Amino acid sequence: MLKLSHRTVFLPGATGDSSFWFGVGKCLPRSWEKRFLSWPGLGNQDPDPQVRGFTDLVRLAAGQLTSPSIVIAQSMGGIVALQLALQCTERITHLVLVATSGGLDVATFGAADWRPDFLRCYPRTARWVLEDKVDLSNHFQEIVAPTLLLWGEVDPISPPAVGHRLAEEIRGAQLRIIPGANHEMGVLMPDVVASHVLGFVSNTPSEIGLIRR
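Parameters at a glance
Residues numbered from 1 in each chain as written. Predicted model: local features only at pLDDT ≥ 70, side-chain atom pairs only at ≥ 80, totals over all residues. Heavy atoms only, no water. Core = buried A, V, L, I, M, F, W, Y, C linked by side-chain atoms within 4.5 Å. Buried < 20%, exposed > 50% of the residue type's maximum accessible area, 1.4 Å probe, protein only. Helix = DSSP H or I, 4+ residues; strand = E, 2+ residues; numbered from the N terminus. Phe/Tyr/Trp six-rings, centres within 6.5 Å; stacked < 30°, edge-to-face > 60°. Salt bridge = Lys/Arg side-chain N within 4 Å of Asp/Glu carboxyl O. Contact = heavy atoms within 4.5 Å. Pairing = 2+ DSSP bridges. Axes fitted to C-alpha atoms, helices over the stretch in contact; angles between N-to-C directions.

(A) Just the nonpolar core, in detail. Among the nonpolar cores identified, the biggest contains 46 residues, and L11, W39, L57, V80, L84 and L95 are the most heavily contacted of them. Put simply, the parts of the chain that give this core at least two residues each are β1 (7-11), α2 (54-62), β3 (69-74), α3 (77-87), β4 (92-98), α5 (128-131), β5 (147-152) and α6 (160-169). At six residues, the largest contribution of residues to this core is made by α3. Grouped together as the second largest cluster of nonpolar side chains are 21 residues, F20, V98, M185 and V193 included.

Okay, structure coming up:
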């Protein structure tokens, strides 16, 4: 089996802030090549006229997959990551989704509406991030990348029930519920998140490696 690439691409949530993942990145091995993306126009990030919706974010992220990569995504970034996993199968060795919706209607799982508070905190944000709906529920079973799902036990925005549904739909997905964690566990508990990521990547062969063996 070919040695797995440890190039790692981090996708933020709706704030678009690449620094969300800096703590986790520091906790992962220095030998891993790390790329921290930001989302133009979201949160407090400077806008880019060429970024008008999720399709543009997927294009930006795909441009970072110049070699087989681990993709780690937070919340809304998970919608981008899932589309990458569907479109760039040969370039993703492992997929890590943290507290995302995955394109599901999280309200049906008891999730709180995050949009009013988000808009108060980030009044400059592009409005499409609050309005666009991406439904990937019919495509979850097409994902072949080994997938780790990390959910916070007390996350009101993406409750554990969402993680359980994705674990049922994505082939071979591993779900970990982090005790006491909420939606911001990537920032608040970087060592815990990094430990789960490292264990997952170390112990789970990638589909790319299996195909090329």
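(B) Examining the packing of aromatic side chains more closely. By the definition in use, this model includes seven aromatic pairs. Ring centres of F10 and F36 lie 4.7 Å apart, and the angle between their planes is 10 degrees; this geometry places the pair in the stacked category. With a gap of 26 residues between them, F10 in strand β1 and F36 in strand β2 (residues 34-36) connect regions that are remote in the sequence. Given the relative accessible area of 28%, F36 is considered partly exposed. Aromatic side chains F20 and W21 sit 5.1 Å apart centroid to centroid with 85 degrees between the ring planes, which places their arrangement in the edge-to-face category. Neither residue differs from the other here; F20 and W21 are each classed as buried. Members of the aromatic cluster, each reached through a chain of ring pairs, are F10, F20, W21, F22 and F36.

(C) Quick peek at the pattern of salt bridges. Inspection of every chain in the model, using the stated rule, returns six salt bridges. For E33, the salt bridge is made with R7, and the minimal N-O distance between the two is 2.5 Å. Here E33 is found in the loop between α1 (22-27) and β2, whereas its partner R7 is found in strand β1, with 26 residues between them in sequence. Using a relative accessible area of 34% as the deciding quantity, one classes E33 as partly exposed. Across the pair E168 and R165 runs a salt bridge whose closest N-O atoms are separated by 3.7 Å. Note that E168 and R165 are positioned in helix α6 at a spacing of three residues, about one turn of the helix. A single salt-bridge network, built from bridges that share partners, covers R7, E33 and R35.

(D) The environment of E33, seen in detail. Sequence separation of E33 and H6 is 27 residues, and the distance between their C-alpha atoms is 6.3 Å. Residues contacting E33, with those up to four places away along its chain left out, are H6, R7 and T8.

(E) Structural context of the sheet that holds strand β6 (residues 174-178). The sheet built from six strands is open, its strands ordered β2-β1-β3-β4-β5-β6 with parallel pairing. Both edges of this open sheet fall to β2 and β6, since each of them pairs with a single strand only. Sheet twist, expressed as the average angle between the axes of neighbouring strands with direction ignored, equals 15 degrees. Looking at chain direction, β1 and β3 are connected through five bridges and run parallel. For F10, the partnering residue across the bridge sits in β3 and is I72. Along the sheet, α6 makes contact with β5 and β6, crossing β5 at roughly 165 degrees. Lying over the sheet, helix α8 (residues 190-203) contacts β3, β4, β5 and β6, oriented at roughly 160 degrees with respect to β5.

(F) Examining the pairing of β1 more closely. Taking burial as the measure, the five residues of β1 include five buried ones, the bulk of the element. Burial along β1 is two-sided: R7, V9 and L11 and T8 and F10, pointing in opposite directions, are all buried. Sheet topology note: the β1/β2 ladder contains three bridges and is parallel. Within β2, the residue paired with F10 across the bridge is F36.

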